[in-house]
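A closer look at the structure
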Amino acid sequence: MTKPRIVGFCGNTSRPSKARALVEAVGAELSARHPLTFEVVDLVDAGSGIAAFSRTTLDDNARIVIEAIERADGLVIGCPVFQGSYPGLFKHVFDLIEPSTLRNRPVVLTAVGGGLRHSLVVEHQLRPLFGFFEACTVSTAIYASRGELAPGEALAPMITARIANAAEQFAALLRGRRADAA
């Protein structure tokens, strides 16, 4: 059996980004504990072609990002939070995803915002979005405020613990999905 292919998708429009750092931390935890292939794609990788109104008019860069998400065995989502919500282009990416392709896929939800008042975005916006796709979001989500992700500094113990817990929940869902497919 081949290693599962896990894709981290970050809704950031620039690099480096704190959302990507959080997704990479989850990917590192998953990779350290389980045999899998992990790659990260960013909204910025899609370029301006992601603003297409339909899949048929996507340019190659945008199509690569959409197809990477659809082909993944599981997802780690990194969402920057602006003014109490996910960015419009982040949502637009998922408007272009074929709904049935994410059914029963394990998903870890992460978000980074300016402060604690943005933390509910995970539960009130991201979880329902992936519920629409019938994806299996793990029960532990990871939210960090910008101040908790200082470059070059270790993650706060609470964030590290949440990442470890989410990684175990994700792995259990992934094992179940692969067992069902076998």
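Details of the structure are given in the entry above.
1. Looking at the overall build of the chain
Looking only at helices and strands, the chain has 6 helices and 6 strands in total. Ordered by position from the N terminus, the helices and strands of the chain form the series β-α-β-α-α-β-α-β-α-β-β-α. Here the C-alpha radius of gyration of the chain, 15 Å, is about what a compact globule of 182 residues would show, namely 16 Å. Projected onto its principal axes, the C-alpha coordinates of the chain cover approximately 45 × 40 × 30 Å. A separation threshold of at least 6 residues defines the contact pool for the chain, and within that pool the share at least 24 residues apart is 79%. About 8,700 Å² of surface is accessible on the chain, with carbon and sulfur atoms providing 55% of the total.

2. Structural notes on the layout of surface pockets
In this structure, the largest pocket encloses a volume near 250 Å³. Only helix H1 (18-33) and strand S4 (106-113) provide two or more residues apiece to the lining of the largest pocket. Its residues placed into classes, the lining of the largest pocket shows 8 nonpolar, 6 polar and 2 charged.

3. With respect to the packing of aromatic side chains
One pass over the full model with this rule turns up 8 aromatic pairs. Taking the centre distance of 5.7 Å and the plane angle of 40° together, the rings of Tyr 86 and Phe 90 count as tilted. Given the relative accessible area of 19%, Tyr 86 is considered buried. Between Phe 132 and Phe 133, the aromatic rings sit 5.2 Å apart at their centres with planes inclined by 80°, giving edge-to-face as the arrangement. A residue is classified by how much of its surface remains accessible, and Phe 132, at 56% relative accessible area, is exposed. Taken together through their ring pairs, the aromatic side chains of Phe 9, Tyr 86, Phe 90, Phe 94, Phe 130, Phe 132 and Phe 133 make up a single cluster.

4. Section: the nonpolar core
Among the nonpolar cores identified, the biggest contains 37 residues, and Phe 9, Phe 94 and Phe 130 are the most heavily contacted of them. Sorting the residues of this core by element identifies strand S1 (5-10), helix H2 (43-46), helix H3 (60-71), strand S3 (74-80), helix H4 (88-95), S4 and helix H5 (121-132) as the ones contributing at least two each. Beyond its immediate sequence surroundings of up to four residues, Phe 94 is in contact with Phe 9, Ile 69, Ile 77, Leu 102, Leu 129, Phe 130 and Phe 133. In terms of nonpolar packing, the next biggest core, distinct from the first, is built from 22 residues, Leu 22, Ala 166, Ala 167 and Leu 174 among them.

5. Side note on the environment of Asn 165
You can see Asn 165 is positioned in helix H6 (residues 157-181). With a relative accessible area of 39%, Asn 165 lands in the partly exposed category. Each C-alpha atom, one on Asn 165 and one on Val 138, is 9.4 Å from the other, the two residues being 27 residues apart in sequence.

6. A closer look at H5
Given a rise of 1.5 Å per residue, 12 residues ought to cover 16 Å, and the 16 Å separating the end C-alpha atoms of H5 matches this to within 8%. Every buried residue of H5 is accounted for by Val 121, Val 122, Leu 126, Arg 127, Leu 129 and Phe 130. The buried residues of H5 occupy an angular sector of 155° when projected down its axis, which confines them to one face. For H5, the exposed residues set more than 90 degrees away from the buried face come down to His 124 and Phe 132. In the core, the buried residues of H5 are packed alongside S3, H4, S4 and strand S5 (136-137). Looking one or two residues past H5, Glu 134 carries a phi angle of roughly 60°, positive in sign.

Cut-off values and rules
Residues numbered from 1 in each chain as written. Predicted model: local features only at pLDDT ≥ 70, side-chain atom pairs only at ≥ 80, totals over all residues. Heavy atoms only, no water. Helix = DSSP H or I, 4+ residues; strand = E, 2+ residues; numbered from the N terminus. Rg over C-alpha atoms; globule rule 2.2 N^0.38 Å. Contact = heavy atoms within 4.5 Å. Areas by Shrake-Rupley, 256 points an atom, 1.4 Å probe, with all protein chains shown as cover. 1 Å grid on protein atoms, 1.4 Å probe; cavity = no way out; pocket = protein on both sides within 12 Å on 5 of 7 lines; lining within 4 Å. Points joined across faces, edges and corners; volume = space filled by probe spheres on them. Nonpolar A, V, L, I, M, F, W, Y, C, P; charged D, E, K, R; others polar. Phe/Tyr/Trp six-rings, centres within 6.5 Å; stacked < 30°, edge-to-face > 60°. Buried < 20%, exposed > 50% of the residue type's maximum accessible area, 1.4 Å probe, protein only. Core = buried A, V, L, I, M, F, W, Y, C linked by side-chain atoms within 4.5 Å. Expected span 1.5 Å × (residues − 1). Arc of directions from axis to C-beta.

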